[in-house]
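Analysis of the macromolecular model
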Amino acid sequence: MFYCGADVHSKSTYLVVLDGKGREVLSGAVPTERKALLEALKPYAKKGLKVIQETGSSMAFIQSVFEGTGVEVVTVHATAMKVITASKKKTDKRDAYHLAWASYKDALPEPVYVPTSSEQELRQLLSAQQRIRKGRTEVSNGVRGQLKGFGIVLPARALTKHQGWEELMARGLAPAMDLIVRESYGVWEVQTRALEAVERAIGDRTQGDELVRRLKSIPYVGDACAAAIRAYLGDLDRFHGRKSVVSYAGFNPSQRDSGARQVRGHLTRQGPSRLRSVFVQAAHCLIGRGFKGHAGWKAWYERLLHRRGHRHIAVVAVARRLYALAYQVGRSGQVYKASLSGSVK
């Protein structure tokens, strides 16, 4: 068995390989390219090779390089490797050596989950979708704000469809404002086409996915929530239970204990923000439609709202419950049943 520590950078990667007796058999930098990495480690891969890297922007790429080759890739959190972060003499070679040595001694910290190439693609598409939507909203809101200076007040969602823009341009605005509206509409159209293309790509990648199908059987859990679960949670079996999956998305409250004093604060908001945002949107839909057909959820929500007194706290609680339910349905291997929702708090 061979153990390879990889200190990865955008242009080059420093590799240190130790054999089964802890002896250094390779040390040097190679370009951070698929062909160069495979070629450098080819002699050791046939005899069993474990590659250890730290978390970083290139970790998914390193994972994809060795996917299907039989090489085991382990990713550890950079801050967990104190022997590296606390060292006063820090070089690429020493960092790579410490990773390889920790693996040889079976002293690595808990590994970090690295998404598969398909999950990484879906994450990138979801991120692009969110970014384009935000840009499109900024264009619409910017025009609405400028129109107020001309005494024209539009409804909140007036510029979310082509018809709204066309009706606005037909009003006979002042020349300067007419120019602004027409040019802004052109930008909005480009962003709309881009958004439609991205959403088609997301649909293509989730079509026929059994997990996505089961998740969409949950009330108000649609394409966005199901795709986010597939992209960001990946292998559901890697979570120990509901508490760990809720913590992963940052839906759990922060906690500070000292002696007999226990203080719970705001949500930690750790983990993927996209996961939280899509389930908060789903919660708004569920609440906005009066929990139609879900009397148990409505009664629970009203009790919570009465007890806490803040609507936004109750909304996030509904989002957290939907998210935990999605995890439970995903793990169960079955479609949603009303009896499941009563077991999730």
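Now for a description of the structure that goes with this document. None of these values were measured; they are calculated from a predicted model.

**Quick notes on the overall build of the chain**
- Per the secondary structure count, the chain includes 14 helices and seven strands.
- When its C-alpha atoms are laid out on the principal axes, the chain stretches across 80 × 55 × 45 Å.
- Within the chain, buried positions represent 41% of all 345 residues.
- Accessible area for the chain stands at about 19300 Å²; split by element, carbon and sulfur atoms hold 50% of it.

**As for the pattern of salt bridges**
- Applying the stated rule across the entire model yields ten salt bridges.
- The salt bridge partner of Arg-182 is Asp-178, with a shortest N-O separation of 3.0 Å. With Arg-182 and Asp-178 both in helix 7 (residues 175-206), this residue pair falls four residues apart, about one helical turn.
- Since its relative accessible area comes to 42%, Arg-182 is described here as partly exposed.
- Here Asp-223 ties to Lys-216 by a salt bridge, and the two come within 2.6 Å at their closest N and O atoms.
- The class of Asp-223 is exposed, set by a relative accessible area of 53%.
- Linked by salt bridges that have partners in common, Glu-210, Arg-213 and Arg-214 make up one network.

**Comments concerning the packing of helix 5 (residues 117-148) against helix 9 (residues 223-232)**
- Here helix 5 crosses helix 9 at 135°, and the two axes come no closer than 8 Å. Relative to helix 9, the element helix 5 lies oblique. As for how helix 5 packs across helix 9, the hand of that crossing is left-handed. Listed contacts from helix 9 to Glu-119, Leu-122, Arg-123 and Leu-126 of helix 5 are Ala-227, Ala-228, Arg-230, Ala-231 and Tyr-232.

**A short note on the side chain of Thr-75**
- Looking at the element boundaries, Thr-75 is found in strand 5 (residues 72-76).
- A polar contact of 3.1 Å, which involves the side chain of Thr-75, links it to the side chain of Gln-53.
- Filtering out sequence-adjacent residues up to four positions away, Thr-75 remains in contact with Gln-53, Glu-54, Thr-55, Met-59, Gln-63, Pro-111, Val-112 and Val-114.

**Description of the nonpolar core**
- One finds Ile-218, Ile-229, Leu-275, Phe-279, Val-318, Leu-322 and Tyr-323 to be the most contacted residues of the largest nonpolar core, which totals 51 residues.
- The set of elements that each furnish at least two residues to this core consists of helix 5, helix 7, helix 8 (210-215), helix 9, helix 10 (242-248), helix 11 (273-288), helix 12 (295-308) and helix 13 (311-332).
- Ranked by the residues each element gives to this core, the list is headed by helix 13, at eleven residues.
- Non-local contacts of Leu-275, meaning those with residues more than four positions away in its chain, are made with Ala-228, Ile-229, Tyr-232, Leu-233, Tyr-248, Ala-249 and Tyr-323.
- Grouped together as the second largest cluster of nonpolar side chains are 16 residues, Phe-2, Leu-15, Leu-41 and Tyr-44 included.

**So, unusual backbone geometry**
- The phi dihedral of Asp-106 falls on the positive side, at around 55°, and the residue is not glycine.
- Assignment of secondary structure puts Asp-106 in the loop between helix 4 (92-104) and helix 5.
- Backbone geometry at Arg-269 places phi at a positive 55°, although glycine is not the residue there.
- Here Arg-269 lies in the loop between strand 7 (261-267) and helix 11.

**Focus: the sheet that holds strand 4 (residues 49-54)**
- Spatially, the five strands line up as an open sheet ordered 3-2-1-4-5, and their pairing is mixed. Of all strands in the sheet, those with a lone pairing partner are strand 3 (24-31) and strand 5, marking the two edges. The average undirected angle you get between the axes of adjacent strands in this sheet is 20°.
- The sheet contact formed by strand 1 (residues 2-8) and strand 2 (residues 12-18) spans six bridges and is antiparallel.

**So, the packing of aromatic side chains**
- Evaluation of the coordinates by the stated rule reveals 13 aromatic pairs.
- With 5.8 Å between their ring centres and 70° between their planes, Tyr-3 and Tyr-104 make a pair best called edge-to-face. Residue Tyr-3 is found in strand 1, and its partner Tyr-104 is found in helix 4; the two are separated by 101 residues along the sequence.
- For Tyr-3, a relative accessible area of 15% corresponds to the buried category.
- Centroid distance Phe-291 to Tyr-301: 5.2 Å. Interplanar angle 40°. Geometry classified as tilted. Linking Phe-291 in the loop between helix 11 and helix 12 with Tyr-301 in helix 12, this pair joins segments that are ten residues apart in sequence.

**A word on the environment of Phe-61**
- Position of Phe-61 relative to the elements: it lies in helix 2 (residues 59-65).
- The class of Phe-61 is partly exposed, set by a relative accessible area of 28%.
- With 55 residues separating them in the primary sequence, Phe-61 and Thr-116 have C-alpha atoms 9.6 Å apart.
- Residues within four places of Phe-61 in sequence aside, it is in contact with Thr-32, Glu-33, Arg-34 and Leu-37.

**Focus: the environment of Ala-107**
- Tracing the backbone through its elements, the reader meets Ala-107 in the loop between helix 4 and helix 5.
- With relative accessibility at 51%, the residue Ala-107 sits in the exposed group.
- For the pair Ala-107 and Met-81, spaced 26 residues apart in the sequence, the C-alpha separation amounts to 9.9 Å.

What counts, and where the lines are drawn
Residues numbered from 1 in each chain as written. Predicted model: local features only at pLDDT ≥ 70, side-chain atom pairs only at ≥ 80, totals over all residues. Heavy atoms only, no water. Helix = DSSP H or I, 4+ residues; strand = E, 2+ residues; numbered from the N terminus. Buried < 20%, exposed > 50% of the residue type's maximum accessible area, 1.4 Å probe, protein only. Areas by Shrake-Rupley, 256 points an atom, 1.4 Å probe, with all protein chains shown as cover. Salt bridge = Lys/Arg side-chain N within 4 Å of Asp/Glu carboxyl O. Axes fitted to C-alpha atoms, helices over the stretch in contact; angles between N-to-C directions. Parallel < 35°, antiparallel > 145°, perpendicular 65-115°, else oblique. Left-handed = near helix turned anticlockwise from the far one by under 90°. Contact = heavy atoms within 4.5 Å. Polar contact = N/O pair within 3.5 Å; in protein donor to acceptor, adjacent residues only side chain to side chain. Core = buried A, V, L, I, M, F, W, Y, C linked by side-chain atoms within 4.5 Å. Pairing = 2+ DSSP bridges. Phe/Tyr/Trp six-rings, centres within 6.5 Å; stacked < 30°, edge-to-face > 60°.

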